[in-house]
Amino acid sequence: MGINKVILVGNVGKDPEVRHLDSGVTVTTFSLATSETYKGKDGQKVTNTEWHNIVLWRGLAEVAEKYVKKGNPLYIEGKIRTRSWDDKDGIKRYTTEIIADNMQMLGSKQGSEDASSSAPENAAAIDIENIPAEEDDLPF
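Residues numbered from 1 in each chain as written. Predicted model: local features only at pLDDT ≥ 70, side-chain atom pairs only at ≥ 80, totals over all residues. Heavy atoms only, no water.

Asks: Describe the overall build of the protein, listing the residues and the values that go with them.
Replies: Helix and strand content of the protein: two helices and six strands. Residues counted as buried form 34% of the 140 residues belonging to the protein. By sequence separation, contacts in the protein at least 24 residues apart represent 57% of the contacts at least 6 residues apart. Of the accessible surface of the protein, which amounts to about 9600 Å², a share of 47% is contributed by carbon and sulfur atoms. (Helix = DSSP H or I, 4+ residues; strand = E, 2+ residues; numbered from the N terminus. Buried < 20%, exposed > 50% of the residue type's maximum accessible area, 1.4 Å probe, protein only. Contact = heavy atoms within 4.5 Å. Areas by Shrake-Rupley, 256 points an atom, 1.4 Å probe, with all protein chains shown as cover.)

Following this line, the structure appears as structure tokens:
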């Protein structure tokens, strides 16, 4: 038994790429950037950005196709999935994706009416810079 649950709040890195499968199912993919900022041992501000590959299916994919644009702040819930394939040279490749089952557009009333979510209303207001940390505390 296990739990595979991911919650992300970040900014869309590129306009969504939309595909309509032969079966009529819509799938939308885009990158989402999450950043954290902290002060290093030297007192300088350090920002780490992590890029996530987001995959949306069916109705959620259609909402993203209409309303999600590069730079939009989003709340995403889903599960993490790693898949592999052989490239044209026969080399095994891997990718890790977030299969989203919940999305909320942050920072605009239009988006929040179009996507369902249980995201906290203040999700975009989380300021990790002001979370107290030990001097030697590193985020990895």
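Asks: Lay out the pattern of salt bridges in plain terms, naming residues and giving numbers.
Replies: Summed over all chains, the structure comprises five salt bridges. Here D86 ties to K92 by a salt bridge, and the two come within 3.8 Å at their closest N and O atoms. Residue K92 is classed as partly exposed on the basis of its relative accessible area, which comes to 44%. Salt bridges linked by common partners bring R81, R83 and E97 together as one network. (Salt bridge = Lys/Arg side-chain N within 4 Å of Asp/Glu carboxyl O.)

Asks: Tell me about the confidence of the model for the protein, and please be specific about residues and values.
Replies: When pLDDT is averaged along the protein, the result is 82, and 76% of the positions lie at 70 or above. Mean pLDDT values over the elements of the protein span from 44, in helix α2 (residues 109-114), up to 97, in strand β1 (residues 6-12). Segment residues 110-140 is flagged for pLDDT under 50; beyond a separation of four residues in sequence, or across chains, it makes 36 contacts in the model. (pLDDT = per-residue confidence, 0-100.)

Asks: Break down the nonpolar core for me, with residues and values.
Replies: Side chains of nonpolar character tend, in soluble globular proteins, to be buried together. The biggest cluster of nonpolar side chains holds 18 residues, and the ones touching the most others in it are F30, L32, I54, L56, L74, I76 and M103. Mapped onto this core, the elements with two or more residues apiece are β1, β3 (26-39), β4 (45-57), α1 (58-67), β5 (73-86) and β6 (92-105). Once you skip the residues sitting within four places of it in the chain, L56 turns out to touch T26, V27, T28, F30, A61, A64, A100 and M103. (Core = buried A, V, L, I, M, F, W, Y, C linked by side-chain atoms within 4.5 Å.)

Asks: Give me the pairing of β3: which residues, what numbers.
Replies: Most of β3 sits inside the fold, with ten of its 14 residues counted as buried. The pairing of β1 with β3 spans two bridges and is classified as antiparallel. When the bridges of β3 are listed, V12 appears paired with L32. Summarising the sheet, strand β2 (residues 17-20) and β3 pair through four bridges and their orientation is antiparallel. Counted as the bridge partner of H20 is T26 from β3. Examined bridge by bridge, β3 and β4 share 13 bridges and lie antiparallel to one another. From the neighbouring strand, F30 faces β4, where its bridge partner is I54. Here β3 folds back onto β4, and the loop between the two strands holds five residues, one of which, G43, carries a positive phi near 85 degrees. (Pairing = 2+ DSSP bridges.)

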